[in-house]
Amino acid sequence: MDNELGYELGNWVVSQIQSPDRPTQLTFSLLDMEWDLLPEVFPPYTDPGPGLFASWVPYEKGGRFLEMGCGAGVAAVLAARRGSEHVVALDINPAAAENTRRNAERHGVSDRVTALTSDLFDALEPGEAFDLVFWNTPFIEAPASRPYAGQIERAVFDPGYEMVRRFFRDVVPRLAADGRVYLGTSEAMGNRDKMLRAAAEAGFEGHRYRSESVELPAAEFGDSPVIAAHTDERGIVHMDFTMYEFLRR
């Protein structure tokens, strides 16, 4: 594990989501839309990343779109609303698949969105391929030996970055001839080098597609020496949310 800051922040995020003092929220607002949220699903309003990534995806009219790790299904719903002809949303968390189905119905696109419980691509039909695959990755690298403590952690941590390696290996037969992959990550909190290495090993070339910097008050994260080491003189921790585009070489 190379990124202590990311791991510290990841643990803090999980602790906040799982706190018994956190109020139950059954709906939320994002991208000027209202969404349903099930308790077992990662809440995409906790940081700017999910909204930014979903808004940055270059959805194609008439295209075939896959959202990996769909959570509440924000990108899948947007893809259908913006003209994608065939939309599939996958998540290893059964509650996320159900949450996506509810949001597709809420926004009138349930006829074009199929949500499935799946360990990466396992639930897809043989030969099913897509023009565009998007994944807001669990970009916090955890120690390879760390087990998941519940479904929420699967949306945050990638122990040893094994999920990223599996994703790039298995996405190859799921892409159309000129298909593209978009991953949401953070260069400050994730492991850019391991991500790009996994992509290259599977025959992909990646480049930074869009990025936005954010300033986070260090005081929000409690008394942590790791956070303190990355705090500037104004008491700010500098972060980013970055999307990469990958094309086959």
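Residues numbered from 1 in each chain as written. Predicted model: local features only at pLDDT ≥ 70, side-chain atom pairs only at ≥ 80, totals over all residues. Heavy atoms only, no water.

Visitor: What am I meant to see in the pairing of strand E4 (residues 86-91) here?
Guide: Two faces, one strand: in a regular strand the side chains alternate between the faces of the sheet. The buried count for E4 comes to five of six residues, which makes it a mostly enclosed element. The pairing of strand E3 (residues 64-68) with E4 spans five bridges and is parallel. When the sheet's bridge partners are listed, Glu 67 is paired in E4 with Ala 89. Between the parallel elements E3 and E4, the chain passes through helix H3 (residues 74-81) in a crossover that is right-handed. Examined bridge by bridge, E4 and strand E5 (residues 113-117) share five bridges and lie parallel to one another. Directly across from Val 87, in E5, lies its bridge partner Val 113. Running through helix H4 (residues 94-106), the crossover from E4 to the neighbouring parallel element E5 is right-handed. (Buried < 20%, exposed > 50% of the residue type's maximum accessible area, 1.4 Å probe, protein only. Helix = DSSP H or I, 4+ residues; strand = E, 2+ residues; numbered from the N terminus. Pairing = 2+ DSSP bridges. Right-handed = clockwise from strand over helix to strand, strands pointing away.)

Visitor: Can you help me understand the packing of aromatic side chains in this one?
Guide: The relative placement of two aromatic rings is captured by the distance of their centres and the angle of their planes. Under the defined criterion, the tally for this structure stands at 14 aromatic pairs. A connected cluster of aromatic rings, assembled from ring pairs, spans Phe 121, Trp 135, Phe 167, Phe 168, Phe 204, Tyr 244 and Phe 246. Against the face of Phe 157 rests Arg 146, its NZ or CZ located 4.2 Å from the ring centre. (Phe/Tyr/Trp six-rings, centres within 6.5 Å; stacked < 30°, edge-to-face > 60°. Lys NZ or Arg CZ within 6 Å of the ring centre and 35° of its normal.)

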